[in-house]
Amino acid sequence: MLRIAVQSKGRLYDETMLLLEEAGIKLNRGKRILLLSAKGFPVEVLFLRDDDIPQSVANGVADIGIVGENEYVEKGGEAKLIKRLGFSKCRLSLAIPKEEEYKGIEWFEGKTIATSYPEILKAYLAEKKVKAEFHVISGSVEIAPGIGLADAIFDIVSSGSTLVSNQLKEVEVIMQSEALLIANNELSEEKQAILDELLFRFEAIQVAEGKKYVLLNAPKEKLNEIIEVLPGMKSPTVTPLANGDWVSVQSVIAEKHFWEIIGKLKSLGAEGILVIPIEKMIL
Ligand SMILES: Nc1ncnc2c1ncn2[C@@H]1O[C@H](COP(=O)(O)OP(=O)(O)OP(=O)(O)O)[C@@H](O)[C@H]1O
Ligand SMILES: O=P(O)(O)OC[C@H]1O[C@H](OP(=O)(O)OP(=O)(O)O)[C@H](O)[C@@H]1O
Ligand SMILES: [Mg+2]
């Protein structure tokens, strides 16, 4: 049985649950008990605060975990980084009151900085040879300068709207962060095998992301030009239609090129274009 630690509620929860579900780990959703086993796959899920996940994996309370890179680095990064999961992308930045004039990192000399990530900040300022005081708080860090608790903050930024609504401006980006899959450094062979299967499934889900399956009918004499437009896996599947002058073409396209490809296909006479989402792709 492989035990995976995940966030019990908060920013990581929804996408983590979706990823587990797409990987075939069906949990009795909505039940907020600490430990849930999954039907059909030898995995049990331990629900924790995200702060507690890195150490729980490093010390073996859980075998693997899904946690933000910011917490993983802040807690020392002892567990093994297995895979970047591509969601919950954000950054850790220094921000100061917007009316302040900022010329460089020396602004922070002798200042007080409010943060939930003192270890990351300490390492960064040491490297920059800047001495500052820290005020460590675990939430609502952004209000600290406004209530005179600190001169600046070091916190998570994503859209930047929290900074704007607290009259702050981002002046230094220290690190980027995304959800990570981490693992204990001493997994048994049996647990490693289960992790390998889970990774295979995560990979199949991740490769399918942003891909669409396209099915269309096209005039035969335009087939070569259509195949040029459709990158496909190796090459599109072509099936002759009963009416000999037309063929059916099937292929995979990347979502980001979608409208450009559809426009070209239409101009080449393609008809009946069906676009289907892909759940998983095993290359
Ligand atoms: N605005 C955001 N945009 C993207 N990712 C974010 C954002 N805020 C947080 N995250 C990511 O989600 C993780 C969890 O954020 P959340 O706000 O749920 O943490 P928390 O309040 O500390 O929750 P917990 O109660 O589990 O400790 C963060 O460590 C970070 O990796
Ligand atoms: O740049 P933004 O898009 O505004 O996101 C950044 C904010 O998101 C997180 O807070 P969250 O919204 O999770 O609330 P919390 O402070 O209760 O964690 C984080 O603590 C920042 O305050
Ligand atoms: Mg937390």
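Our structure's up above, just so we're on the same page.
Residues numbered from 1 in each chain as written. Chains lettered and ligands numbered in written order. Predicted model: local features only at pLDDT ≥ 70, side-chain atom pairs only at ≥ 80, totals over all residues. Heavy atoms only, no water.

Draft legend 1. Up close: a negative patch on the surface. Together, Asp-14, Glu-15, Glu-22 and Glu-209 make up a region of like negative charge exposed at the surface. Relative to the helices and strands, Glu-22 is located in helix α1 (residues 13-22). (Patch = residues over 30% accessible without salt bridge, like charges linked within 9 Å, V, L, I, M, F, W, Y side chains within 5 Å. Areas by Shrake-Rupley, 256 points an atom, 1.4 Å probe, with all protein chains shown as cover. Salt bridge = Lys/Arg side-chain N within 4 Å of Asp/Glu carboxyl O. Lys, Arg positive; Asp, Glu negative; His and termini not counted. Charge placed at Lys NZ, Arg CZ, Asp CG, Glu CD. Helix = DSSP H or I, 4+ residues; strand = E, 2+ residues; numbered from the N terminus.)

Draft legend 2. Up close: the layout of surface pockets. In this structure, the largest pocket spans a volume of roughly 990 Å³. The wall of the largest pocket is formed by 34 residues, among which Arg-11, Asn-70, Tyr-117, Asp-155 and Ile-156 lie closest to the centre. Classifying every residue of the lining of the largest pocket by side-chain character gives 7 nonpolar, 16 polar and 11 charged. Here the second largest pocket defines a volume of roughly 200 Å³. Surrounding the second largest pocket, Glu-15, Leu-18, Leu-19, Glu-22, Lys-83, Leu-85, Gly-86, Phe-87, Phe-202, Ile-205, Gln-206 and Glu-209 form its lining. Listed by contribution, the elements that provide at least two residues to the lining of the second largest pocket are α1 and α6 (189-208). Sorting elements by how many residues they give to the lining of the second largest pocket places α1 first, with 4 residues. (1 Å grid on protein atoms, 1.4 Å probe; cavity = no way out; pocket = protein on both sides within 12 Å on 5 of 7 lines; lining within 4 Å. Points joined across faces, edges and corners; volume = space filled by probe spheres on them. Nonpolar A, V, L, I, M, F, W, Y, C, P; charged D, E, K, R; others polar.)

Draft legend 3. The sheet that holds strand β9 (residues 152-157), seen in detail. Pairing is mixed across the open sheet formed by 5 strands, whose spatial order is β8-β7-β9-β6-β10. Unpaired on one side and paired on the other, β8 (133-136) and β10 (168-177) mark the two borders of the sheet. Along the sheet, successive strands turn relative to each other by an average axial angle of 25 degrees, direction set aside. Bridge count between strand β7 (residues 112-115) and β8: 4 bridges; the pairing is parallel. Note that in β8 the partner of Thr-115 across the bridge is Val-136. Against the sheet, helix α4 (residues 118-127) engages β6 (90-97), β7, β8, β9 and β10, with an angle of about 165 degrees to β8. (Pairing = 2+ DSSP bridges. Axes fitted to C-alpha atoms, helices over the stretch in contact; angles between N-to-C directions. Contact = heavy atoms within 4.5 Å.)

Draft legend 4. Quick look at the site of ligand 1. The environment of ligand 1 is made up of 16 residues, and the closest members are Gln-7, Arg-49, Asp-50, Asp-51 and Asn-70. Asp-51 places a polar side-chain atom, nitrogen or oxygen, 2.7 Å from an oxygen atom of ligand 1. Alone, ligand 1 offers 630 Å² of accessible surface; in the complex the protein occludes 78% of this. The site holding ligand 1 turns out to be the largest pocket. The residue inventory of the shell around ligand 1, partitioned by class, reads 3 nonpolar, 6 polar and 7 charged. (Near = heavy atom within 4 Å. Polar contact = N/O pair within 3.5 Å; in protein donor to acceptor, adjacent residues only side chain to side chain. Sits in = over half its atoms within 2 Å of the grid points.)

Draft legend 5. Broad picture of the coordination of the magnesium ion (ligand 3). The protein atoms donating to the magnesium ion (ligand 3) are Asp-50 (OD) and Asp-51 (OD), with metal-donor distances spanning 2.0 to 2.1 Å. In this pair, the class of Asp-50 matches that of Asp-51, namely buried. (Donors = N, O, S within 2.8 Å, 3.2 Å for Na, K, Ca; no water. Buried < 20%, exposed > 50% of the residue type's maximum accessible area, 1.4 Å probe, protein only.)

Take it as geometry only, folks, not as evidence of what the structure does.
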